[in-house]
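Listed here are the chains, written in short residue letters.
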Amino acid sequence: MYTASFAFLEALTEAGITHCFVNLGSDHPSFLEAMVKGQNEAKGRFPRIITCPNEMVALSMADGFARLTNKPQCVIVHVDVGTQALGAAVHNASCGCAPVLIFAGLSPYTIEGEMRGSRTEFIHWIQDVPDQMQIVSQYCRYSGEIKSGKNVKQMVNRALQFACSAPAGPVYLCGAREVMEEEITPYQLKQEHWGTVEPTALSESCVKTVGDALIEAKEPLVITGYSGRNHEAVGALVKLASTVKGLRVLDTGGSDMCFPADHRGWLGLRYGVDEAIKSADVILVLDCDVPWINTQNHPSTTARIYHIDTDVLKHQMPVHYIAALARYSADAFTALSQLNNYITSSPSASHFTSPSYTEKWESLLTAHTTRISNIAAAAQPKEDGSFGSRHLCTTLRKLVPSDTIFAVEAVTNTAFVADSIQATLPGSWLNCGGGGLGWSGGGALGIKLASEYEHGVGKGKFVVQIVGDGSFLFSVPGSVYWISQRYKIPILTIVLSNKGWNAPRKSLLLVHPDGLGSKATNEELNIAISGPDYANIAKAAAGGNSYAGKVSVADDLESILKEAIESVKSGITAVVEAIVVPGC
């Protein structure tokens, strides 16, 4: 029996989707039939099904997989309630530009048994809502309803064109049981007719304008946020920074490894606040949502600012603007390649060999060396043996493989983590790109699964999740570690335990620095966390088959981390709760 559901799943494979992360329900009888048929008849030509006992975890896994590979993946959930249960993961996938296709069934629209798939259960009345797509459509690049099995593959591929064209992001399809049960004649599309929109480039005049500004600048600065989502863009930005001697690069997004820490132009990750923003005379904002926070930090009024982005107007942000002289809608890698070609062939490029530029280049090296030394000094443990996130991550970085991938959701500790991890490889650092806490559990699993898929089972890269204690609870650990055990996806989780949600306190102090709350305890502010045994929550979810560790003293840190790392290398997930001192 060749149904619309089977054609849907077949279309996914034909379009290059390899995994479906599912949470199935009463709208999916035809999908269950199709999955069995596909597994029996189309082995190797059918998506791998990963059952996820929570929808947010499912979408976070697809998000992590897609973000690492730039290949779309699929999530299948249950009518309106499953769509709602995707929760903050939809926001994250949208902000993080993750190409993910979400499908949800609709309650049957026939009652008397007129068609196969008519209502058969009490819940079909309760879950019949006026407009299911509206639950998530404002976060999606495209949303649509499959109304006939006869064009189901066209609907899938149209959705994927939106998902994979810049700015990439989630798309949403839905279809009633009767439609997805429809028997149709097998057919195929010509996939070459369904490609994505090609990357856009700068015009020649734009290249000249920005290129000349960078050449003439005394203190040029690039501010980026997610240009590293295209791994090729990292090398192109390195080339630009190595050509325009004196150019510095600041990351104000932290969602991808955009620029390597071992380059002398590296200024690290700071969320929109850095002295370089104030002193720069030319600023290139490149694939960045928030280059600076106006109330905290602002460029000079004489600075020349140019903005290059795949979503330069930030269509999903009602209020957004920067004081740019010009803004260009263009692909980061393409634009950087154009700028590199223009600058290296420009007669003015000879200035870069002059003594003044040599002095700038050497000054950058001195400043970078000092920065690295200062980070190392700040990473030292306290006299009482306690330690902060910097010391933890400095130690961790020395022990894990050099090509480790870090899935980071450290919130108020993020800058400390970035300073100490000092990522240098494209794709080796990922954050969700959004503000929906709880991404990193499923995200890390998806990243590990993707690496195993690309390199072979048991040959994938080592994956570390670094997560705050509050975010760990948001990540639905019962689901995350059940999946990890069920599908043999070993990761190392480091829980930064600082006994509270410190982000609300930081927000409070920015608005009311001398208010009543500034003197209040975490308990009085209702942001305290005490009691959870994070590592053993994970161990229980994994049926006892995971490593559980806890460390609060610097002298014990290395040995516990080594045990955890060996556990993961042997195929068993490890969770370590690290008691860290806030603010360091």
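Whatever comes next refers back to the structure up there.
What counts and what doesn't
Residues numbered from 1 in each chain as written. Predicted model: local features only at pLDDT ≥ 70, side-chain atom pairs only at ≥ 80, totals over all residues. Heavy atoms only, no water. Phe/Tyr/Trp six-rings, centres within 6.5 Å; stacked < 30°, edge-to-face > 60°. Helix = DSSP H or I, 4+ residues; strand = E, 2+ residues; numbered from the N terminus. Buried < 20%, exposed > 50% of the residue type's maximum accessible area, 1.4 Å probe, protein only. Lys NZ or Arg CZ within 6 Å of the ring centre and 35° of its normal. Pairing = 2+ DSSP bridges. Contact = heavy atoms within 4.5 Å. Axes fitted to C-alpha atoms, helices over the stretch in contact; angles between N-to-C directions.

Remarks on the packing of aromatic side chains
Working definition: an aromatic ring pair is given by the centre-to-centre distance plus the angle between the planes.
Consideration 1: Considering all chains together, one arrives at ten aromatic pairs under this definition.
Consideration 2: Arranged with centres 5.0 Å apart and planes meeting at 55 degrees, the rings of phenylalanine 8 and phenylalanine 103 form a pair that is tilted. Of this pair, phenylalanine 8 sits in helix H1 (residues 4-14) while phenylalanine 103 sits in strand S4 (residues 100-106), and the two are 95 residues apart along the sequence. Phenylalanine 103 matches phenylalanine 8 in its accessibility class, with the two residues each being buried.
Consideration 3: A connected cluster of aromatic rings, assembled from ring pairs, spans Tyr2, Phe6 and Phe46.
Consideration 4: Between the NZ or CZ atom of lysine 37 and the centre of the ring of phenylalanine 6, over which it lies, the distance is 5.2 Å.
Consideration 5: The ring of tryptophan 125 has arginine 119 sitting right over it, with the charged end atom 5.1 Å from the ring centre.

With respect to the sheet that holds strand S17 (residues 547-551)
Consideration 1: In space, the six strands of this open sheet follow the order S14-S13-S15-S16-S18-S17, with parallel pairing throughout. Two strands in the sheet have a free side with no partner beyond their single neighbour: strand S14 (429-430) and S17.
Consideration 2: Two elements, S17 and strand S18 (residues 574-579), share five bridges in a ladder whose sense is parallel. The residue bridging glycine 549 from the neighbouring strand is valine 576, located in S18.
Consideration 3: Each of strand S13 (405-409), strand S15 (463-468), strand S16 (492-497) and S18 is contacted by helix H14 (residues 389-399), which is oriented at about 165 degrees to S16, the strand it contacts most.
Consideration 4: Sitting on the sheet, helix H22 (residues 554-569) is in contact with S16, S17 and S18, with an inclination near 165 degrees to S17.

A short note on unusual backbone geometry
Consideration 1: Between alanine 166 and the following residue, proline 167, the backbone shows a cis peptide bond with an omega angle of -10 degrees.
Consideration 2: In this structure, proline 167 sits in the loop between helix H7 (152-164) and strand S6 (171-176).
Consideration 3: A positive phi angle, close to 55 degrees, is found at valine 411, a residue other than glycine.
Consideration 4: The phi torsion at valine 476 lies on the positive side, around 60 degrees, for a residue other than glycine.

Notes on the sheet that holds strand S5 (residues 142-145)
Consideration 1: Read across the sheet, six strands follow the order S2-S1-S3-S4-S6-S5 without closing on themselves; strand pairing throughout is parallel. Two strands in the sheet have a free side with no partner beyond their single neighbour: strand S2 (48-51) and S5. Along the sheet, successive strands turn relative to each other by an average axial angle of 20 degrees, direction set aside.
Consideration 2: Strand direction decides the pairing type here: S5 and S6, joined by four bridges, are parallel. Within S6, the position partnered with glycine 144 by the bridge is leucine 173.
Consideration 3: The sheet contacts of H7 involve S4, S5 and S6, and relative to S6 the element is tilted by about 160 degrees.

Quick look at the pairing of strand S3 (residues 73-77)
Consideration 1: In terms of burial, S3 is a largely internal element, five of the five residues being buried.
Consideration 2: Side chains of S3 alternate between two faces, with Gln73, Val75 and Val77 and Cys74 and Ile76 buried alike.
Consideration 3: Bridge analysis of strand S1 (residues 19-22) against S3 gives three bridges, and the strand direction is parallel. Across the sheet, residue phenylalanine 21 finds its bridge partner in S3, namely valine 75.
Consideration 4: When S3 meets S4, the two strands line up parallel, connected through five bridges. Counterpart to glutamine 73 in the pairing with S4 is valine 100.

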